[in-house]
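# Structural overview for review
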Amino acid sequence: MSDHPALLASQLEDGKVRCELCAHRCLIRPGQKGLCRVRENRGGELFSLSYGRLIASHVDPIEKKPLYHFKPGSLSFSIASPGCNFRCQWCQNADISQISSTNEPGRPRFVAPERVVEAALASKSQSISYTYTEPTLSVEYNLSVSQMARDAGLKNVYVTNGYMTPEMLELSIPTLDAANVDIKAFDEAVHRRYTGAHLQPVLDSCMALLKAGVWLEVTTLMIPGINDDETQLQGVAEFIATELSLDVPWHVSRYFPQPQFRQIPATPPERIFYAMDVGRKAGLRYVYGGNLLTSTDTDCPNCGERVVRRIGYADAIVNLKESACPKCGFRIAGVW
Ligand code: SF4
């Protein structure tokens, strides 16, 4: 399979191309690649270098995305192609995200979209997750897979940094059922310094996804001394509470040092508990600590009844009565 013509590209003078997939909106000269290194200008036409070049595929519990209010206890067939448009120094998947599909020795193999759907069905997954790297960069392939997945009765899930343009959102939303968006910092200077990207487009994507009816959960990986100060934590919590919804779950996760980023020690669990408290004080109904050994269960925010009990990541007992708490009748937000 040759590389695939890219969508969301405008042809300009002198063979230059403007990529309109993500908010970087790279201006790419002939023979050059965009910042993500997986979209290339060939003779005035933009190509996706990652179309179907799967670098990872795995069957995961949906909770691992993390999505806690979307088909709890189900499996999600998870795929990844190379590439990312952020440069987070602590990335836990840098070995597959910070490469292009052409510079990797033994270039990732091509997998036809229908094979992904067949594998998802065979694994008894209820959804396909586009994850591990930055999935939006492979929008052309994702659209092929997601449409087939829909036809086969599967859901589609993006686990993304949210750095999408409105054009990209418009293209993707019709076949998208759920998304987990990472808000990596709530200070423009911090976000820019550590990811190489602006904060506002991420927030705009969250609002657009929610408005379009895509089930949304938000994650913040807490890096001590970078994004875990009170101001930033309150910023994320209040953004969710006021611009999104009190029903949008917020996952605050522990960070652990990576081989390429050892200078900051792991997030102390107490700091996660503090962030969870900040979220609850902002009125958020569903706040979860990630990468902790404590409970991941969901309790009714009205009466405290346990409405989803999780056994590790592998199983969930859903104790809901028509999407509501069986004890007090409070509606628990989610896709059950
Ligand atoms: S996806 Fe983003 S980073 Fe990649 S070429 Fe397009 S605008 Fe640039």
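Residues numbered from 1 in each chain as written. Predicted model: local features only at pLDDT ≥ 70, side-chain atom pairs only at ≥ 80, totals over all residues. Heavy atoms only, no water.

What follows deals with the overall build of the chain. In terms of regular secondary structure, the chain is built from 8 helices and 17 strands. By the burial criterion, 55% of the 336 residues in the chain qualify as buried. At a minimum sequence separation of 6, the contacts of the chain that also span at least 24 residues come to 65%. Accessible surface computed for the chain: about 14,000 Å², of which carbon and sulfur atoms make up 50%. Averaging the positions of the 35 positive and the 36 negative side-chain charges in the chain gives two centres separated by 3 Å. (Helix = DSSP H or I, 4+ residues; strand = E, 2+ residues; numbered from the N terminus. Buried < 20%, exposed > 50% of the residue type's maximum accessible area, 1.4 Å probe, protein only. Contact = heavy atoms within 4.5 Å. Areas by Shrake-Rupley, 256 points an atom, 1.4 Å probe, with all protein chains shown as cover. Lys, Arg positive; Asp, Glu negative; His and termini not counted. Charge placed at Lys NZ, Arg CZ, Asp CG, Glu CD.)

With that settled, consider the sheet that holds strand S14 (residues 287-290). The strands making up a sheet are joined through hydrogen bonds of the backbone, oriented either antiparallel or parallel. Read from one edge to the other, the open sheet built from 8 strands follows the order S7-S8-S9-S10-S11-S12-S13-S14, with strand pairing classed as mixed. Edge positions in the open sheet fall to strand S7 (56-61) and S14, since each of these has one partner strand only. The average angle at which neighbouring strand axes cross in this sheet is 20°, direction not considered. Examined bridge by bridge, strand S11 (residues 178-182) and strand S12 (residues 215-222) share 5 bridges and lie parallel to one another. When the bridges of S12 are listed, alanine 179 appears paired with leucine 216. Sheet strands touched by helix H6 (residues 200-211): S11 and S12. Its angle to S11, the strand with the most contacts, is close to 160°. The strands touched by helix H7 (residues 230-244) are S12 and strand S13 (250-254); relative to S12, the strand with the most contacts, the crossing angle is about 175°. (Pairing = 2+ DSSP bridges. Axes fitted to C-alpha atoms, helices over the stretch in contact; angles between N-to-C directions.)

The next thing to look at is the nonpolar core. Core analysis: the largest hydrophobic core is formed by 76 residues, its most contacted members being Val116, Ile128, Ile183, Leu209, Ile240 and Trp250. For this core, the element with the highest residue contribution is H7, accounting for 7 residues. Both domains that meet at this core, namely domain 1 (4-48) and domain 2 (56-294), each give it at least three residues. Non-local contacts of isoleucine 240, meaning those with residues more than four positions away in its chain, are made with Val218, Ser245, Leu246, Val248, Trp250 and Leu284. (Core = buried A, V, L, I, M, F, W, Y, C linked by side-chain atoms within 4.5 Å. Domains from an automatic or database assignment.)

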